[in-house]
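# Descriptive structure summary
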Amino acid sequence: MILITAPVFTTCSHLILRHSHLPPPLRHESTTIHRSKISRFRSVSAASSSSSSLLPTPRPDKASELRALWKRFWKVAAPFWYSEDKDQARLRLAAVFALTLATTGISVGFNFLGRDFYNALSNKDQEQFTKQLLYYLCAFAGGIPFFVLRDYAKETLSLRWRSWMTKYYLQRYLKDQTFYKIQSQSLIDNPDQRIVDDLSSFTSTALSFSLTLFSATIDLISFSNILFTIYPPLFLVLLLYSFGGTALSVFLGKGLVNLNFLQEKKEADFRYSLVRVRENAESIAFYGGEPNEMQLLLQRFRSAFDNLTELLIASRNLEFFTDGYRYLIQILPAAVVAPMFFSGKIEFGVINQSVSAFNHILGDFSLVVYQFQAISAFSAVIDRLGEFDDLLDNSIIRDPSHTMDEIELTYQSAGRSSLLDSNGSVQNQKLLEIEELTLQTPTNGTTLVHNLIADIYDKDHLLIMGPSGSGKTSLLRAMAGLWRSGKGRITFYLNPRDDFSQEKYESQDNSAKRSSGDVLFLPQRPYMVLGTLRQQLLYPAWSTTMEATPGGSKKDGASALLKKDMPITDDLMRTLENVRLGHIVDRFGGLDSLHEWSSVLSLGEQQRLAFARLLLCQPKLALLDESTSALDEANEAHLYQQIQSAGITYISIGHRQTLTKFHNKILHIATADPKSIERNWRIEENSLRGPLNQ
């Protein structure tokens, strides 16, 4: 047992060092990345220029590709190390590097302990053997904590890095409606996967590779001197063996990078199809579309399966070489120095020392051989995050229509728009002004509305009507800033917060001004957040949680310019009664019950819940996109009565004639003639308005 323990520890000390550079999870990671969702992407600029795509593009050389990959890596990695958290991050990184340096020193010490141990064993010197064994046991006790602490420090730093980057990317993804533009224009695939999986892989793998390179450099310096001192020709054999192995690995594994890209995309497509089945379960069940869904799911799975099969074959072919390369080094250094031992020039312990030093240095030179699959998968992650980062940096995502004109959307102080009577007092406040608006579709530039001019004042309730496809909802998208294709100006006049001066209010960007709560949009199908019934009611004006910013500080999740205090439980209960939803509190077990609300509530109940949000927020202006389409006429009339009683001015889109009695004005939009530049709209006073308008 004693004879086995010492040499095993010599080998283990080497393995601890080598695998500590890239711990077993890294090996696992590469396999996981292979089986995750990868694709090669076209750049945004290339996708936006169809003419340039027709021209032959010269294939970049390897050096250019590596430089581009390094630039993308640095662009993604650098922000954390220059953020508000940089001091803590750099201290933790320095601690990891210090521990790595210590483990390298410990490995060098074990190298010499192994030499003396085997010399004592070869010389049958029991006293020296017992002493060396005791040294080994002490080295175990003192050295292992350094390896454990180094791995723990690395993992905690990786977790902290990922946490910061997740918040950093989420803020940019949700800023200025970027998430909507990415989805509506199909600029990139699977942004959710890039934020979740790719960021996790990037931070852990980047840190592991960085430590590997650092440790390899220290190893190279430490063990090269040992090996060169023992037998210089062995060092030359090592160089030839490692460089030859690296070249063959690159040649045999060159197809892995592209296969990894493709695998990630195909896996993501398959998972997305499953998510769509879950989200549209009722509709699929009504249609009886299970066979079609089954066919689509299996088709996408087969695509991922076939690509993964190719990936496994390529990996198998590479591993035929890498496994042989790895096992041959167990006898190669001993074979080279054995003649010196047989001639009596060196002792038996020196053979063990040369094998250990050879393995260390060869591992440093052979990083590409050992980690080629992990490197190829990591390059895919860098490309995916780099493309995502480039897209988020582009603060104005241009529409594919390539139009030079753009709709101007502004938010102004309400004081600039008020009508004054002869005594100088406010007669009526303008809330919305539309000036010569020509609205076009972002995809192909089709004109929907020609030269629209409209002013909306307080209590000016406007109904927008017209045939399907005429541009009614598109007009609301333009008001929300979701569509900018076309020309003209849309101006909202809002009330700044009481503690904001006029200058401070004007300095805010549009998203901050809009978050004042003076304008609220209600889509036809309300959005149900992942949370409690209380959180459904408070969305989007208030947040019940405290969230950390990327810099590490804490701030209230409520909107920065919101002028109203958060409603209390009694306010929420009263509002639910006002929209005839008081019964759902008992039905679901209270305001703090947690359910999949989009599934357990009918569409009509969801629309009434959206009106409850409207009544709680009490904006100056509400824009309703067929927001009562799932309600009966009695509930529809009741909800309009509620928002009128709350003093909310609203603009509605609808087809029902019953809506006319709730509005002062009606905007009729006809389907635009693409060959004409004449106005396709008219505004008329509503002579049929009912008692609700009196």
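All of these numbers come straight from a predicted model, not from anything done at the bench.

## Structural notes on the pairing of strand β12 (residues 665-669)
Extensive coverage of β12 is indicated by the burial of four of its five residues. In the sheet, strand β5 (residues 462-465) pairs with β12 via four bridges, with the strands oriented parallel. Paired with Leu462 across the bridge in β12 is Lys665. Relative to strand β13 (residues 681-685), β12 runs antiparallel, the two sharing five bridges. Paired with His668 across the two strands is Arg682, which belongs to β13.

## Remarks on the packing of helix α6 (residues 86-122) against helix α9 (residues 191-230)
One way to put it is that α6 packs onto α9 with a least axis distance of 10 Å and a crossing angle of 35 degrees. In this structure, α6 meets α9 at a crossing whose hand is right-handed. Between α6 and α9, the residues in contact are Leu93, Val96, Phe97, Thr100, Leu101, Thr104, Ser107, Val108, Asn111 and Phe112 and Leu207, Ser210, Leu211, Phe214, Ser215, Ile218, Asp219, Ser222, Phe223 and Ile226, respectively. The residue inventory of the contact of α6 with α9, partitioned by class, reads 12 nonpolar, seven polar and one charged.

## Notes on the confidence of the model for the protein chain
Reading fine detail from the predicted coordinates is not recommended where pLDDT is low. Predicted confidence across the protein chain gives a mean pLDDT of 77, with 78% of residues reaching 70 or more. At the low end of the mean pLDDT range in the protein chain sits helix α1 (residues 2-21), at 34; at the high end sits strand β11 (residues 649-653), at 95. Within the model, the stretch residues 396-403 combines pLDDT values under 50 with 23 contacts to residues more than four positions away or in other chains. Taken as a whole, residues 545-561 scores under 50 in pLDDT and shows 34 contacts with residues more than four places along the chain or in a different chain.

## Some remarks on the environment of Lys487
Mapped onto the elements, Lys487 comes out in strand β6 (residues 486-494). Measuring from C-alpha to C-alpha, the distance between Lys487 and Asn451 comes to 8.7 Å, with 36 residues separating the pair along the chain. Every residue in contact with Lys487, bar those within four places of it in the chain, is listed here: Asp405, Glu406, Ile407, Glu436, Leu437 and Thr438.

## Some remarks on the environment of Asn119
With respect to the helices and strands, the residue Asn119 is situated in helix α6. A relative accessible area of 9% places Asn119 in the buried class. Each C-alpha atom, one on Asn119 and one on Val350, is 7.8 Å from the other, the two residues being 231 residues apart in sequence. Excluding residues within four positions of it along the chain, Asn119 makes contact with Glu347, Phe348, Gly349 and Val350.

## Topic: empty space enclosed by the protein
Under the definition given, this model contains two cavities of 30 Å³ or more. Size it by volume and the second largest cavity reaches roughly 40 Å³. When contributions to the lining of the second largest cavity are tallied by element, the ones reaching two or more residues are β3 (426-440), β4 (447-457), β5 and α18 (472-480). Of the residues that constitute the lining of the second largest cavity, the class distribution is 10 nonpolar, no polar and no charged.

## Quick word on the nonpolar core
Residues Leu537, Leu609, Phe611, Leu614, Leu624 and Ile643 are the most contacted members of the largest nonpolar core, which totals 39 residues. When contributions to this core are tallied by element, the ones reaching two or more residues are β5, β7 (519-522), α21 (533-538), α22 (569-578), α23 (583-588), α25 (603-617), β10 (621-625) and α26 (633-645). If you tally residues by element for this core, the top one is α25, at eight residues. Not counting residues within four places of it along the chain, the set of residues in contact with Leu537 comprises Leu572, Leu576, Leu591, Leu609, Ala612, Arg613 and Leu616. Judged by nonpolar contacts, the second largest core, of 33 residues, contains Leu432, Leu439, Leu475 and Leu621.

## Examining the pattern of salt bridges
Considering all chains together, one arrives at 26 salt bridges under this definition. Across the pair Asp189 and Arg384 runs a salt bridge, and its minimum N-O distance is 3.9 Å. Separated by 195 residues along the polypeptide, Asp189 in the loop between α8 (178-185) and α9 and Arg384 in helix α17 (residues 372-393) bring together distant segments of the chain. Judged by relative accessible area, Asp189 falls into the buried class, the value being 15%. Since its relative accessible area comes to 0%, Arg384 is described here as buried. Here the salt bridges share partners, and the residues they tie into one network are Arg72, Lys75, Arg172, Asp383, Asp389, Asp390 and Asp393.

## Points about the environment of Ala338
Examined against the element boundaries, Ala338 turns out to sit in helix α14 (residues 332-342). Once the C-alpha coordinates of Ala338 and Ile351 are considered, the two residues, 13 residues apart in sequence, prove to be 7.5 Å apart.

## Quick notes on the packing of aromatic side chains
Under the definition given, this model contains 26 aromatic pairs. Measuring from centroid to centroid gives 5.6 Å for Tyr168 and Tyr169, while their planes differ by 90 degrees, and the two rings are edge-to-face. What makes Tyr169 buried here is its relative accessible area of 0%. Summarising the aromatic geometry, the rings of Tyr640 and Phe662 are spaced 4.9 Å apart at their centres and angled 15 degrees between planes, so their arrangement reads as stacked. Within this pair, whereas Tyr640 is found in helix α26, its partner Phe662 is found in the loop between β11 and β12, the two being separated by 22 residues in sequence.

## Notes on the sheet that holds β5
Strand order in this open sheet of six strands is β7-β10-β11-β5-β12-β13, and the pairing throughout is mixed. Of all the strands in the sheet, the pair left with one neighbour each is β7 and β13. Here the average twist between neighbouring strands, direction ignored, is 15 degrees. Bridge analysis of β5 against β11 gives three bridges, and the strand direction is parallel. Bridging across to β11, Leu463 finds its partner in Ser652.

## Comments concerning the pairing of β11
The element β11 is extensively covered by neighbouring structure, given that five of its five residues are classed as buried. Burial of the side chains of β11 extends over both faces: Thr649, Ile651 and Ile653 are buried on one face and Tyr650 and Ser652 on the other. In terms of strand pairing, β10 meets β11 through five bridges, oriented parallel. Paired with Ala622 across the strands is Tyr650, a residue of β11.

## Section: unusual backbone geometry
Along the chain, Tyr539 connects to Pro540 via a cis peptide bond; the corresponding omega equals -5 degrees. Looking at the element boundaries, Pro540 is found in the loop between α21 and β8 (546-548). One non-glycine residue, Lys459, lies in the positive phi region at around 70 degrees. Topologically, Lys459 is positioned in the loop between β4 and β5. Overall, the relative accessible area of 41% leaves Lys459 in the partly exposed class.

## Considering α22
Among the residues of α22, those classed as buried are Leu572, Thr575 and Leu576. Take α22 and look down its axis: the buried residues cluster within an arc of 100 degrees, on one side only. Relative to its buried face, α22 has exposed residues pointing more than 90 degrees away, namely Asp570 and Glu577. Looking at the buried positions of α22, the neighbouring elements they touch are α21, α23 and α25. After α22 finishes, the residue Arg580 shows a positive phi value of roughly 60 degrees.

## Concerning the side chain of Lys154
Mapping Lys154 onto the fold places it in helix α7 (residues 126-174). A polar contact of 3.4 Å, which involves the side chain of Lys154, links it to the side chain of Ser208.

Conventions and cut-offs
- Residues numbered from 1 in each chain as written.
- Predicted model: local features only at pLDDT ≥ 70, side-chain atom pairs only at ≥ 80, totals over all residues.
- Heavy atoms only, no water.
- Buried < 20%, exposed > 50% of the residue type's maximum accessible area, 1.4 Å probe, protein only.
- Helix = DSSP H or I, 4+ residues; strand = E, 2+ residues; numbered from the N terminus.
- Pairing = 2+ DSSP bridges.
- Axes fitted to C-alpha atoms, helices over the stretch in contact; angles between N-to-C directions.
- Left-handed = near helix turned anticlockwise from the far one by under 90°.
- Contact = heavy atoms within 4.5 Å.
- Nonpolar A, V, L, I, M, F, W, Y, C, P; charged D, E, K, R; others polar.
- pLDDT = per-residue confidence, 0-100.
- 1 Å grid on protein atoms, 1.4 Å probe; cavity = no way out; pocket = protein on both sides within 12 Å on 5 of 7 lines; lining within 4 Å.
- Points joined across faces, edges and corners; volume = space filled by probe spheres on them.
- Core = buried A, V, L, I, M, F, W, Y, C linked by side-chain atoms within 4.5 Å.
- Salt bridge = Lys/Arg side-chain N within 4 Å of Asp/Glu carboxyl O.
- Phe/Tyr/Trp six-rings, centres within 6.5 Å; stacked < 30°, edge-to-face > 60°.
- Arc of directions from axis to C-beta.
- Polar contact = N/O pair within 3.5 Å; in protein donor to acceptor, adjacent residues only side chain to side chain.

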